[in-house]
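Geometric and topological summary
Okay, here's what each chain looks like letter by letter:
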Amino acid sequence: MKPKYKRVIIKLSGEALAGSAGHGIDTPTVQAICSQIKEVFDLGVEIAIVVGGGNFWRGRSGEGMDKSTADYMGMLATCINALGLQDVLEEMEVPVRVQTAIEMKQIAEPYIRRKAVRHLEKRRVVIFACGTGNPFFTTDTTAALRAAEIDAEIILLAKSIDAVYDSDPLTNSEAIRYSELSYIDVLNQGLKVMDSTATSLCMDNHIPILVFGLNEPKNILRAIMGEKIGTIIQE
Ligand code: GTP
């Protein structure tokens, strides 16, 4: 069994770490995700992770808060999640380095592209925290940017839903499920899989995105092995 990919970015939403509580970090949920990550790490795949922060904080610009301030708070939330993932992965004997886009040297290394690549080559999982370090950019955009920077072959976009649909399958039983889409389809149809900045960045840099459900226990492995799960977005 040979993995299809050598270097990947796994994008985890903050909510994925929260389990049924819907907020905060649920240790058994994080352990289940990390054991999936360990499984593919042990196959020799180089793994970088971008994690969101929505389990602690969602932008509140609509509620009168300054958008930049709300986004900076979200960046701090991603850092909490990165440290939580690091702790659980290291417990499983997976070496991890956290790099933050905003310097907080006492807590983690700053993001340095060449160092991140070196860590990957030395068989360490790298977790990118604090998004891009800029307000107005999502963690999906961070995944696209870091994938381009470190030459990742694909973004594995782990979701609570199993694929991309034309409408919400929970409220519309007729929703159409896509197994393949082009970047332009996503942009033109306004599909809510990634924001347009992230999608455009992937399109410009020819980085495929595989959207799949995290609730199936073997899905990260299946994705890495090249199985046809979820929705693939590419040219
Ligand atoms: P090599 O240079 O390949 O040996 O990498 P390394 O990460 O093992 O060595 P390094 O001495 O850079 O780091 C040792 C430990 O310190 C690792 O856990 C790093 O994540 C951590 N570390 C490195 N730089 C910083 C930093 O600026 N701040 C914090 N908080 N930790 C750091």
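Residues numbered from 1 in each chain as written. Predicted model: local features only at pLDDT ≥ 70, side-chain atom pairs only at ≥ 80, totals over all residues. Heavy atoms only, no water.

Here the focus is the side chain of H119. Here H119 lies in helix α3 (residues 113–121). The exposure class of H119 is buried, given its relative accessible area of 4%. In this structure, H119 is in contact with R97, Q99, E109, R124 and V126, ignoring residues within four places of it in sequence. (Helix = DSSP H or I, 4+ residues; strand = E, 2+ residues; numbered from the N terminus. Buried < 20%, exposed > 50% of the residue type's maximum accessible area, 1.4 Å probe, protein only. Contact = heavy atoms within 4.5 Å.)

Now for the site of the ligand. Looking at the ligand, the residues that line it are R97, K105, Q106, I107, A108, E109, P110, K115, H119, K122 and R124. Within the backbone of A108, an N or O atom sits 3.2 Å from a nitrogen atom of the ligand. R124 is positioned such that a nitrogen or oxygen atom in its side chain is 3.0 Å from an oxygen atom of the ligand. Within the complex, the protein chains bury 53% of what would otherwise be the 620 Å² of accessible surface of the ligand. Elements represented by at least two residues in the shell around the ligand include exactly β4 (109–110) and α3. (Near = heavy atom within 4 Å. Polar contact = N/O pair within 3.5 Å; in protein donor to acceptor, adjacent residues only side chain to side chain. Areas by Shrake-Rupley, 256 points an atom, 1.4 Å probe, with all protein chains shown as cover.)

What follows covers a nonpolar patch on the surface. A cluster of nonpolar side chains, I25, F56 and I80, forms an exposed patch at the surface whose accessible area comes to about 240 Å². Tracing the backbone through its elements, the reader meets F56 in the loop between β2 (46–51) and α2 (67–91). (Patch = residues over 30% accessible without salt bridge, like charges linked within 9 Å, V, L, I, M, F, W, Y side chains within 5 Å. Salt bridge = Lys/Arg side-chain N within 4 Å of Asp/Glu carboxyl O.)

It is worth spelling out the packing of helix α4 (residues 139–150) against helix α6 (residues 196–204) at this point. Two numbers describe how α4 lies on α6: the axes approach to 8 Å, and their chain directions differ by 15°. With respect to each other, α4 and α6 are oriented roughly parallel. Relative to α6, α4 is oriented so that their crossing is left-handed. Contact residues: D140, T141, A144 and L145 in α4; T197, A198, L201 and C202 in α6. When the residues that make up the contact of α4 with α6 are grouped by side-chain class, the tally is 5 nonpolar, 2 polar and 1 charged. (Axes fitted to C-alpha atoms, helices over the stretch in contact; angles between N-to-C directions. Parallel < 35°, antiparallel > 145°, perpendicular 65-115°, else oblique. Left-handed = near helix turned anticlockwise from the far one by under 90°. Nonpolar A, V, L, I, M, F, W, Y, C, P; charged D, E, K, R; others polar.)

This brings us to the sheet that holds β2. Spatial strand order, β4-β3-β5-β2-β1-β6-β10-β11-β9: 9 strands in an open sheet with mixed pairing. Here the strands that pair on one side only, and so sit at the sheet edges, are β4 and β9 (180–182). Set on the sheet, helix α1 (residues 27–41) makes contact with β1 (7–12), β2 and β5 (125–129); between it and β2 the angle comes to about 155°. (Pairing = 2+ DSSP bridges.)

In this section: the layout of surface pockets. If you add up the space inside the second largest pocket, you get close to 260 Å³. Along the wall of the second largest pocket there are 16 residues; nearest its centre are L210, G226, E227, K228 and I232. In terms of residues, the lining of the second largest pocket owes the most to one element, strand β11 (residues 231–234), which gives 3 residues. The class makeup of the residues in the lining of the second largest pocket is 7 nonpolar, 5 polar and 4 charged. (1 Å grid on protein atoms, 1.4 Å probe; cavity = no way out; pocket = protein on both sides within 12 Å on 5 of 7 lines; lining within 4 Å. Points joined across faces, edges and corners; volume = space filled by probe spheres on them.)

Now for the pattern of salt bridges. Counted according to the given criterion, the structure contains 11 salt bridges. Between K6 and E46 there is a salt bridge; the shortest N-O distance is 3.2 Å. Residue K6 is found in the segment before β1, and its partner E46 is found in strand β2; the two are separated by 40 residues along the sequence. Between R177 and D162 there is a salt bridge, and its shortest N-O distance comes to 3.3 Å. Residue R177 is located in strand β8 (residues 177–178), and its partner D162 is located in the loop between β6 (154–159) and β7 (164–165); the two are separated by 15 residues in the primary sequence. Here R177 falls in the partly exposed class, since its relative accessible area comes to 39%. Each of K6, R7 and E46 takes part in one network of salt bridges that share partners.

Turning to the packing of aromatic side chains, a few remarks are in order. Inspection of the entire model under this criterion finds 1 aromatic pair. Ring geometry for Y111 and F128: centres 5.4 Å apart, planes at 80°, overall edge-to-face. Residue Y111 is located in the loop between β4 and α3, and its partner F128 is located in strand β5; the two are separated by 17 residues in the primary sequence. Residue class for Y111 comes out buried when judged on its relative accessible area of 19%. Judged by its relative accessible area of 1%, F128 is buried. (Phe/Tyr/Trp six-rings, centres within 6.5 Å; stacked < 30°, edge-to-face > 60°.)

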